[in-house]
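Analysis of the macromolecular model
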Amino acid sequence: MTRVPRTASALLVLLVVAAGLAARELLPGAVGGPVGDGLYAVLVVLLVALVRPRTTPVVAAVVALVVCAAIELSHLTPYPAQVLERLPEARYVLGTTFTVTDLAWYALGAAVGGVLLAAVTPRPRVVDQSLRHLRSAGKHRRGPRVVPLVLVLLLAGGAVVGWFMWSETQDLDAKVDDARAAHAASADKVADDAVRADLEAAIGDAETVLAGTPVLDRLPGDATDARERLDRELETVHDSRVEFALAEAAEARTALEPARRRAEGVLAATQELREDGQGANEAVSAALRTSLDSADETLAATDEKALAEAGLARLEDVAAGLAVRLGDLEGATTDLLTAQDAVVCPEPDQVWFPQAGKLSEKELAPLPWAPGYAVRADVVDGLVKLNDAYRAHFGEDLTVNSAYRSYDQQVEVYDPEDPNPLAAPPGCSNHGLGTAVDLSMGPEGFDGDRYAWLKEHAEQFGWTHPDWAEPNGRLPEPWHWQSVKTPVEY
Ligand SMILES: [Zn+2]
C-alpha cells in the first residue's frame, strides 16, 4: 500500500490556507471568489489525506467534492444562516450563500487537489517479486485512471460555468430591456434627474458586459453583478418617481383649495345677480357646479392616507387627475366670470369682479391726507408717495373726490339712463376693487399742469391713467387714475 506522507500533506495544507487567505485579501471579488472556492476544495482533499494517508487521490478528490457540494447545498436550508448568526467566523468554513457556479470551482479545486496528492504520493514499490504481476495489474493503472477523472471533472465544471454564463446573460439581456423602457418612461417624472443618469450609466455598463466575450472579457458573475446593479438603480428611479408624483399630487391639492373657494364665491355672486334679473347663462353656472363637485370628489378620494397606500401607477394617475381637475375648475370659473361680465358690464374695458365693492375693512387702507377715503391696502404706499411728490411740486395735497366704493355706493352713483354715465355699473368699476381714485385736475382738465405732471410722474409710483379715460378714449375722464395692479382680465 502507498500512503501520502503526513508531513507533505500538512505542509500543503498550510500553503493552501495561506494562498486562500491571500486570494481573499489581494484579488478582486470576481476573481478572488472562484480562486478561494477552488482552494477550499484543494484544502479538503489535503485534509482527507492528512486524516487518512492511505486514501487514494481519486477517493480524496471525490470525498472533497461531495463535502464541498454538501456545504454549498446546505445554504438552501435555513440552518447555515442560524449557525452564522451565532458564530460569524463560521463563514470561513460554511460560506454565506448558495451560488451554483461555486460547484464548478469546487470540482476544479477537487481535481487540482487530487492531482497534487498524486504528485506527492510515492510510487508503489514492489516488495514481493512473486506479487509483481498481480500488483502491476492492479496498481499501475491507478496513475492513468486519475487523468480521465480530472478531465471529466474539468468538463463538468466547464459545462456548469458555460450554462451559468448563458443563463445569466439571458437574465441580464431581459433586465436591460426593462431598464431601457423604465428609463424612457421616467422622463420628467422623477424628483431627482440624477437617478435617471445613474440608470443610464448602469445600462451602458450592462451593455458592455453583454458585448464582452465570456471568460476572456468577462468572468462568471459579471452579468449577475450588472443585473443586480440595474435592479438597484431601477428601485431608486421607482422611488424617485413616487416622490415626484406625491409632490405633484400635494401641489395640485394645495392649489385646488383656493381655486374651489374662488369658484364658490363666483357661483354665490352670480346667484345673487340672477335673483336681481341679471343672471349669466345657466349652462355656464351648471358647468362650474359640476366641475366643483368633481374637484371635491377628487380631493376626498386623494387624501394623504389614500396617496400613501397607492402604488406608483395609481399615484401618477392621481397626480395627473388632480392637475386636470384644477385646470377644469379654473377654466370653468373664468367661463362663468366672462359670461357674467357680458351681462353686467357692457363695455369691453370694464371687467366684472364678484368681490368688487365687497372688500373687508382689513383689505383697505385709509388715505392719510384725505379723511373718509380708502384704497386697497397693498396699493396705498405708492399713492402716499405720489401725493408726497405732488405736494413737493404743487405745495398742496392731491384732491381726492372718490376712492374705494362699496357695492351700495356703486349702485348709488351709477345711472343707467345717463348715456355718458359718471360711473361704471356696480361690480364693473375698479373703484370697487379699491385700486382707483378720482383726483381733481382743476378746471383745465386734460390741458392743465396737474394732469401733465401726473402723466409724467404717476407711473413711477405704480399709478396710471387708463386708455379708455384718455381724451380720445371711450369715456374721457382726466380725474380717473388707477393702480397698475388693477386686473384687466381674468
Ligand atoms: Zn373713477
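Bear in mind that the values here come from a model prediction, so they are computed numbers and not experimental data. (Residues numbered from 1 in each chain as written. Predicted model: local features only at pLDDT ≥ 70, side-chain atom pairs only at ≥ 80, totals over all residues.)

Each helix and strand in the chain was counted, giving 16 helices and 6 strands. In terms of overall size, the chain is more extended than a compact globule, its C-alpha atoms giving a radius of gyration of 45 Å where 490 residues would be expected to give roughly 23 Å. Principal-axis analysis of the C-alpha atoms gives the chain an extent of 150 × 50 × 40 Å. When burial is assessed residue by residue, the chain has 33% of its 490 residues classed as buried. Within the chain, contacts between residues at least 6 apart in sequence are counted, and of these 71% link residues at least 24 apart. (Helix = DSSP H or I, 4+ residues; strand = E, 2+ residues; numbered from the N terminus. Rg over C-alpha atoms; globule rule 2.2 N^0.38 Å. Buried ≥ 20, exposed ≤ 12 C-beta atoms within 10 Å, placed from the backbone. Contact = placed C-beta atoms within 7 Å.)

Moving on: the pairing of strand β6 (residues 480-483). The side-chain alternation of β6 yields two buried faces, one formed by H480 and Q482 and the other by W481 and S483. As paired strands, strand β4 (residues 436-439) and β6 are joined by 3 bridges and run antiparallel to one another. Bridge pairing in β6 places V437 opposite W481. Judged from the 2 bridges that link them, strand β5 (residues 463-464) and β6 form a sheet pairing that is antiparallel. If you follow T464 over to β6, its bridge partner there is Q482. (Pairing = 2+ DSSP bridges.)

What follows concerns the domain arrangement of the chain. The parts lose accessible area when they come together, and the size of an interface is often stated as this lost area. Split by domain assignment, the chain resolves into domain 1 (6-126 + 133-140) and domain 2 (361-483). On a C-alpha basis, the centroid separation for the pair domain 1 and domain 2 is 99 Å. (Domains from an automatic or database assignment.)

This part covers the packing of helix α9 (residues 194-211) against helix α10 (residues 222-275). For the pair α9 and α10, the least separation of the axes is 9 Å and the interaxial angle reads 165°. When the interaxial angle is binned, α9 and α10 end up roughly antiparallel. In the crossing of α9 with α10, the sense of the turn from one axis to the other is left-handed. Here V195, R196, D198, L199, A202, D205, A206 and V209 of α9 come into contact with α10, specifically with D222, A223, A226, R229, L230, E233, L234, T236, V237 and S240. Among the residues making up the contact of α9 with α10, the classes are represented as 10 nonpolar, 2 polar and 6 charged. (Axes fitted to C-alpha atoms, helices over the stretch in contact; angles between N-to-C directions. Parallel < 35°, antiparallel > 145°, perpendicular 65-115°, else oblique. Left-handed = near helix turned anticlockwise from the far one by under 90°. Nonpolar A, V, L, I, M, F, W, Y, C, P; charged D, E, K, R; others polar.)

Next up on the list: the UniProt feature "transmembrane region" (unreviewed entry) in the chain. Per the UniProt record, "transmembrane region" (unreviewed entry) is found at residues 32-51, 58-77, 103-122 and 143-166. Segment residues 32-51 splits into 100% helix and 0% strand. End C-alpha atoms: 28 Å apart. Strand forms 0% of residues 103-122 and helix 90%; the C-alpha atoms that close the span are 30 Å apart. (UniProt positions renumbered as here; feature names shortened; annotations may be inferred.)

Moving on, we get to the packing of helix α11 (residues 282-301) against helix α13 (residues 312-344). One can describe the packing of α11 onto α13 by two numbers: an axis separation of 9 Å at closest approach and a directional angle of 155°. Classified by the angle their axes make, α11 and α13 are roughly antiparallel. In this structure, α11 crosses over α13, and the sense of that crossing is left-handed. Across from V284, S285, A287, L288, S291, L292, S294, A295 and T298 in α11, the residues of α13 making contact are G321, L322, R325, D328, L329, A332, T333, D335, L336 and A339. Residues that form the contact of α11 with α13 fall into these classes: 10 nonpolar, 6 polar and 3 charged.

Take the nonpolar core next. Core analysis: the biggest nonpolar cluster contains 47 residues, and A206, A249, A319, L322, L329, L336 and W352 have the highest contact counts within it. Broken down by element, the residue count for this core peaks at 13 residues, all from α10. Sequence-distant contacts of A319, that is, excluding residues within four places in its chain, are made with A245, E248, A249 and A252. Core analysis: the next-biggest nonpolar cluster, separate from the first, contains 33 residues, L43, W105, Y106 and V112 among them. (Core = buried A, V, L, I, M, F, W, Y, C linked by C-beta atoms within 7 Å.)

With respect to topology, 4 strands assemble into an open sheet ordered β3-β4-β6-β5, the strand pairing being antiparallel. Of all the strands in the sheet, just β3 (400-402) and β5 have a single pairing partner and so form its edges.

Attention now moves to the pairing of β4. Residues A436 and D438 of β4 are buried on one face, and the alternating residues V437 and L439, pointing to the opposite face, are buried as well. For β3 and β4, the ladder comprises 2 bridges, and the chain directions are antiparallel. Bridge pairing in β4 links S402 to D438.

Moving on: the environment of P88. Residue position: P88 is located in the loop between α4 (79-86) and α5 (91-94). Residue P88 is classed as exposed on the basis of its 10 C-beta neighbours within 10 Å. Remark: the alpha-carbon pair of P88 and R52, spanning 36 residues in sequence, is separated by 30 Å.

On to the environment of A61. Considering the arrangement of structural elements, one finds A61 in helix α3 (residues 57-74). Along the chain, A61 and Q278 lie 217 residues apart, while their C-alpha atoms are 102 Å from each other. Sequence-distant contacts of A61, that is, excluding residues within four places in its chain, are made with V45, A110, A111, G113 and G114.

Before going further, it helps to examine helix α6 (residues 100-120). Taking 1.5 Å per residue as the helical rise, α6 with its 21 residues ought to reach 30 Å, and the 31 Å between its terminal C-alpha atoms agrees with that figure. Burial analysis of α6 places 16 of its 21 residues in the buried class, which makes it a mostly covered element. (Expected span 1.5 Å × (residues − 1).)

This part covers α11. With 20 residues, α11 should reach 28 Å at 1.5 Å per residue; the first-to-last C-alpha distance of 29 Å fits that figure. Residues of α11 that are buried: S285, L288, S291, L292, A295 and T298. What you see down the axis of α11 is that its buried residues fit within an arc of 150°, all on one side. Exposed residues on α11 whose side chains face more than 90 degrees from its buried face are E282, A283, A286, T290, D293, E297, A300 and A301. Looking at the buried residues of α11, the elements they touch are α10 and α13. (Arc of directions from axis to C-beta.)

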